[in-house]
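Here are the chains, one letter per residue:
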Amino acid sequence: MLAAAVEQFLTATAHERGMPALAGLRIEANYEAVALTATDRYRLSTRTLAPAEVPRQTWAGTVNGGELRSALAEIRRSPLVRLEAVSNGIWFRMTDREDQHCRLLPEEFPDYRLMLASLGEVTSRATVSKDLLLQALEEQPGGRVALRVADHAVNVTSADVEHPGIQLLATTTGQPLQIWFELTTLYPAVSTAIGPDVLLDLRGHDQPVVIRSADRGDLTTLAMPIKSDHAA
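Everything quoted here is computed from the prediction, not taken from an experiment.

Scanning all chains against the criterion turns up 1 aromatic pair. Taking 6.3 Å as the distance between ring centres and 80 degrees as the angle between the ring planes, the aromatic pair formed by Phe109 and Tyr112 counts as edge-to-face. Phe109 gets classed as buried once you look at its relative accessible area, which sits at 8%. The class of Tyr112 is buried, set by a relative accessible area of 7%.

We now examine the sheet that holds strand S5 (residues 81-86). Taking strand neighbours across the sheet as the criterion, the 3 strands line up as S5-S6-S7 in an open arrangement whose pairing is antiparallel. Whereas interior strands pair on both sides, the edge strands pair on one side only; in this sheet they are S5 and strand S7 (100-103). Direction aside, the axes of adjacent strands within the sheet are offset by 20 degrees on average. As judged from the 4 bridges shared by strand S6 (residues 89-94) and S7, these two strands associate in the antiparallel manner. Paired with Trp91 across the bridge in S7 is His101.

Contact pair helix H4 (residues 130-138) / helix H5 (residues 183-191): the axes reach a minimum separation of 10 Å and the direction vectors enclose 160 degrees. Between H4 and H5, the angle is such that the two are roughly antiparallel. Along this stretch, H4 crosses H5, giving a crossing that reads as left-handed. Contacts between H4 and H5 pair Lys130, Leu133, Leu134, Leu137 and Glu138 from the former with Leu183, Leu186, Tyr187, Val190 and Ser191 from the latter. Of the residues assigned to the contact of H4 with H5, the class counts are 7 nonpolar, 1 polar and 2 charged.

About the cut-offs
Residues numbered from 1 in each chain as written. Predicted model: local features only at pLDDT ≥ 70, side-chain atom pairs only at ≥ 80, totals over all residues. Heavy atoms only, no water. Phe/Tyr/Trp six-rings, centres within 6.5 Å; stacked < 30°, edge-to-face > 60°. Buried < 20%, exposed > 50% of the residue type's maximum accessible area, 1.4 Å probe, protein only. Pairing = 2+ DSSP bridges. Helix = DSSP H or I, 4+ residues; strand = E, 2+ residues; numbered from the N terminus. Axes fitted to C-alpha atoms, helices over the stretch in contact; angles between N-to-C directions. Parallel < 35°, antiparallel > 145°, perpendicular 65-115°, else oblique. Left-handed = near helix turned anticlockwise from the far one by under 90°. Contact = heavy atoms within 4.5 Å. Nonpolar A, V, L, I, M, F, W, Y, C, P; charged D, E, K, R; others polar.

So this is what it looks like as structure tokens:
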């Protein structure tokens, strides 16, 4: 479970000049759970994992994404992994496997909690099949797509007026809304959701959409939209 979650979140990391913390995975432990968070500025994912043993103290650090990716093969093959924080990194201790050490990134991780707390009220909501939504996104030409949430449907279209959009049956509430995304932002945000259906929480055409699994878990992903005139 740990390896799958880490691998899932590393897809949301990025190498940005002047923002080295974006290349790492934020790990935060408290007395109840371990939280994982990653962002590339256009997509943010966060979720918690229930540990087999309650942490003895709180801890937070941004782990080097490249080194963590290299450690995944060993982590995945161990039935139990103990996380041990040290001054300059974190150890993944395993029985009958070689322990793995990953360094911490010293740069400050973005204050994602403030961003989440600053989100406005949901104005539109849709529950739609994850597989059908991914298939509709794959069939759109170009790098930009629009979602239009209306009565009992989510329409997936592109900027190509000659290419027909795809209408998906959905459970919807709230106001009709059309919102544009870069395909490279929206597609992975949907693909990492857990379960057969995704829940889309929208707050306007210029606000990030929150994507959750409709039936289980607390995995939350935010995807930033683009302007409807496709300006950068």
